[in-house]
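Coordinate inspection notes
Now for the letters of each chain:
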Amino acid sequence: SSRTMSLLSQLEKINLDSVLGEADNARYVTSKILHLVQSQEKTRKEMTSKGSTGIEVILSTLEVKSFNLCRYGYIASFHFMIGLCGGRRASVLVAKGGTQILLQLLLTASKDSPPNEELMVLLHTLLAKIGPKDKKIGMKARINGALNISLNLVKQNLQNHKLVLPCLQVLRVYSTNSVNAVSLGKNGVVELMFKIIGPFTKKNTSLMKVALDTLAALLKSKTNARRAVDRGYVQVLLTIYVDWHRHDSRHRYMLIRKGVLQCIKSVTNIKLGRKAFIDANGMKILYNTSQECLAVRTLDPLVNTSSLIMRKCFPKNRLPLPTIKSAFHFQLPVIPASGPVAQLYNLPPDVDDVVDESDDNDDAETESEIETENDDDKDQHFKNDDIETDINKLKPRQELGRPIEELKMYEQFFPELSENFQECDLVSKEPKPFVPDANLSGPIVVPTAGEE
């Protein structure tokens, strides 16, 4: 009965007819719906309420190719419907199949020459909002061929920050998928991120923050981490962190500094990254910057992340430590003249005597990083081998504190523990015959059958 429902019913009739002459009428109805959604919160709630068919009608209209001129209005309607509080409303759009339709529309819009910039900005902004609500958006984007569209837009419009920012937000969502991260890395996304985050500048800090988050997600892939190490980007990250540490005297850009540390943390997950970090004097840099951050409580996240990186990259040594690396000296009672122990004691102080074999066998991992897209199916067949199901093994074994021979001396105090009650009359199945006692006086009366 409301104005919104009336417009939606008109739009649904137009979709069923799908006549070219109805395009003008479709644009009129679209503009009215967009105006109501943009200006009235009541309309937005009505469109996304339980049982409403508003989203389905608009999505079905987006699939009508003859109404491509109206797609901007529909996407803008979704944008205003989700708004700032996009949690539940974004989930509703995902549940209605909105992700698939928006990705197909993105693919179609990318074929226009030149692409409509406003439409691309709206599409990427909407995908970035609903992306965290759709666990399989990375797989859907790859299957639809929309994975490299956002990347190409960033490459071609590096100076257009209005378009680059939503594209980076979508790439950040895509990069949480390991297969997508490897595919994007092969197409040069790691090098592209370093063009955005460096050199140091306080302009467009929001763009830099999103770029750092995207880079941190990409570097979780060991393939991309190796690529970053081979190109010397570990030293670049440390330089960027020092620049922000020096210039951010009022600590307004703590999130950017933390984003750089997250990138360093991701790249040092591999052995080559840890070695590059040590060679770039990263241990000293993070230690000194952390000491300067200790006085400010709001910078505790930076100190904590720096500590994690230093603990992960610090050289590992076996005990006893005969070098200055240890605060304590554990001297062996006897040190052989030759052998592996003597070799360890003869090593110079700056040598790491523990071989790091954490990822020696990861060379073939580039092609073997397979995403787990069927987690729901795996949960149904999940079996935990660590849970013991044998009842006999779960019973605690009671062991005697003394041998049986020593305990026999206590039998006289506890005869019930050693007597065989099976031979007693109390448990005998046959009744014992009545034998009169000679010591009893008086007549003996024997009850006959039937008497109680």
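Source: prediction; values computed, not measured.

Turning our attention to the overall build of the protein. Within the protein, the secondary structure is distributed over 24 helices and zero strands. In the protein, which comprises 452 residues, the share counted as buried stands at 39%. Contacts spanning at least 24 positions in sequence make up 73% of the contacts within the protein whose residues lie at least 6 apart. When the accessible surface of the protein is totalled, it reaches about 28000 Å², and 54% of it is carbon and sulfur.

Turning our attention to the side chain of Arg274. Tracing the chain through its elements places Arg274 in helix 18 (residues 271-279). Overall, the relative accessible area of 10% leaves Arg274 in the buried class. In terms of polar contacts, Arg274 uses its side chain to reach the backbone carbonyl oxygen of Asn269, at 3.2 Å.

Time to look at unusual backbone geometry. One non-glycine residue, Asn204, adopts positive backbone phi at about 55 degrees. When its relative accessible area of 37% is taken as the criterion, Asn204 is described as partly exposed. Of note in the backbone geometry, Asn281 takes a positive phi value of approximately 65 degrees without being a glycine. Checked against the element boundaries, Asn281 lands in the loop between helix 18 and helix 19 (282-293).

Looking now at the packing of helix 18 against helix 20 (residues 300-313). Contact geometry of helix 18 with helix 20 gives a least axis separation of 10 Å together with a crossing angle of 105 degrees. The orientation of helix 18 with respect to helix 20, classified from their angle, is roughly perpendicular. Between helix 18 and helix 20, the residues in contact are Arg274, Phe277 and Ile278 and Ile309, Lys312 and Cys313, respectively. Residue classes in the contact of helix 18 with helix 20 are distributed as four nonpolar, no polar and two charged.

In this section: the nonpolar core. Leu168, Tyr174, Met193, Ile197, Leu215 and Phe277 are the most contacted members of the largest nonpolar core, which totals 87 residues. Mapping this core onto the domain boundaries places at least three of its residues in each of domain 1 (1-96) and domain 2 (190-316). Not counting residues within four places of it along the chain, the set of residues in contact with Leu168 comprises Val154, Met193, Ile196, Leu207, Val210, Ala211 and Thr214. Of all hydrophobic cores here, the second largest spans ten residues; its members include Leu11, Val29, Ile33 and Leu36.

Following both chains from N to C, one finds helix 10 (residues 147-156) and helix 12 (residues 178-186) inclined at 40 degrees, their axes separated by 11 Å at the closest point. In terms of their interaxial angle, helix 10 and helix 12 are classed as oblique. Taken as a pair, helix 10 and helix 12 cross one another with a handedness that is right-handed. Where helix 10 approaches helix 12, its residues Leu147, Asn148 and Leu151 are matched on the opposing element by Asn180, Ser183 and Leu184.

This brings us to the confidence of the model for the protein. Of the residues in the protein, 67% reach a pLDDT of 70 or more, and the chain-wide mean stands at 76. Per-element confidence in the protein ranges from a low mean pLDDT of 42 for helix 22 (residues 375-380) to a high of 95 for helix 17 (residues 254-267). Per-residue pLDDT stays below 50 along residues 363-386; that stretch engages in 26 contacts with residues further than four places along the chain or on separate chains.

Glancing now at helix 4 (residues 54-62). Side chains three or four residues apart in an α-helix point the same way, a direct result of the helix having 3.6 residues per turn. Counting buried residues along helix 4, seven of its nine residues qualify, which places the element largely inside the surrounding structure. Among the residues of helix 4, those classed as buried are Gly54, Ile55, Val57, Ile58, Leu59, Thr61 and Leu62.

In this structure the tally under the stated criterion is eight salt bridges. One salt bridge in this structure joins Asp213 and Arg172, with 3.4 Å as the shortest N-O distance. Residue Asp213 is found in helix 14 (residues 205-218), and its partner Arg172 is found in helix 11 (residues 161-174); the two are separated by 41 residues along the sequence. Among the salt bridges present, the one from Asp300 reaches Arg297, with a minimum N-O distance of 3.3 Å. Note on Asp300: relative accessible area 26%, which makes it partly exposed. Within the structure, one salt-bridge network assembled from shared partners comprises Arg172, Lys209 and Asp213.

Now for the environment of Lys162. Summarising the element assignment, Lys162 is placed in helix 11. Taking relative accessible area as the criterion, Lys162 reaches 48% and is therefore assigned partly exposed. As for Lys162 and Glu117, which are separated by 45 residues in sequence, their C-alpha atoms are 9.4 Å apart. With residues near it in sequence (within four places) discarded, Lys162 still touches Glu117, Glu118 and Val121. Of note is the side chain of Lys162, whose polar atom sits 2.9 Å from the side chain of Glu118.

For helix 19, with twelve residues, the first-to-last C-alpha span of 16 Å sits near the 16 Å given by 1.5 Å per residue. Taken together, the buried residues of helix 19 touch helix 16 (233-247), helix 17, helix 18 and helix 20.

All right, on to the environment of Val296 then. Note on placement: Val296 falls in the loop between helix 19 and helix 20. With 45 residues separating them in the primary sequence, Val296 and His251 have C-alpha atoms 9.2 Å apart.

Calculation notes
- Starting afresh in each chain, residues are numbered from 1 along the sequence in its written order.
- Whole-chain, interface and lining totals are the exception, using all residues; otherwise, since this is a predicted model, local features are given only for residues with pLDDT of at least 70 and side-chain atom pairs are given and counted only at 80 or more.
- The side-chain figures draw on all heavy atoms in the structure; neither hydrogens nor water molecules are used.
- Secondary structure elements follow DSSP: runs of H or I no shorter than four residues count as helices, runs of E no shorter than two count as strands, and numbering proceeds from the N terminus.
- Partly exposed residues are those whose accessible area sits between 20% and 50% of the maximum for their type, while under 20% is buried and over 50% is exposed, using a 1.4 Å probe and protein chains only.
- Whether two residues are in contact is decided by their heavy atoms: any pair within 4.5 Å suffices.
- Per-residue accessibility takes into account occlusion by the displayed protein chains alone, with areas from the Shrake-Rupley method and a 1.4 Å probe.
- As used in this structure description, the phrase polar contact means that two N or O atoms lie within 3.5 Å; if the pair is within protein, one of them must be able to donate a hydrogen and the other to accept it, and residues adjacent in sequence are counted only when both atoms belong to side chains.
- In this analysis, axes come from line fits to C-alpha atoms, helices being fitted only over the stretch in contact, and the angle between any two N-to-C directions falls in the range 0 to 180 degrees.
- Any angle that falls under 35 degrees is termed roughly parallel, while one over 145 is termed roughly antiparallel, one within 65 to 115 roughly perpendicular, and all others oblique.
- When residue character is reported, Ala, Val, Leu, Ile, Met, Phe, Trp, Tyr, Cys and Pro are called nonpolar, Asp, Glu, Lys and Arg charged, and the others, Gly included, polar.
- Buried Ala, Val, Leu, Ile, Met, Phe, Trp, Tyr and Cys residues that are joined via side-chain atoms within 4.5 Å together make up what is termed a nonpolar core.
- Delimitation of the domains relies on an automatic or database domain assignment.
- Whether a crossing is left-handed or right-handed is set by the direction in which the near helix is turned from the far one by less than a right angle, anticlockwise for left-handed and clockwise for right-handed.
- In predicted models, pLDDT denotes the confidence assigned by the predictor to each residue on a 0 to 100 scale.
- Between Lys or Arg on one side and Asp or Glu on the other, a salt bridge is scored when a side-chain nitrogen of the former is within 4 Å of a carboxyl oxygen of the latter.
- Expected helix span is given by 1.5 Å per residue-to-residue step, counting one fewer step than there are residues.

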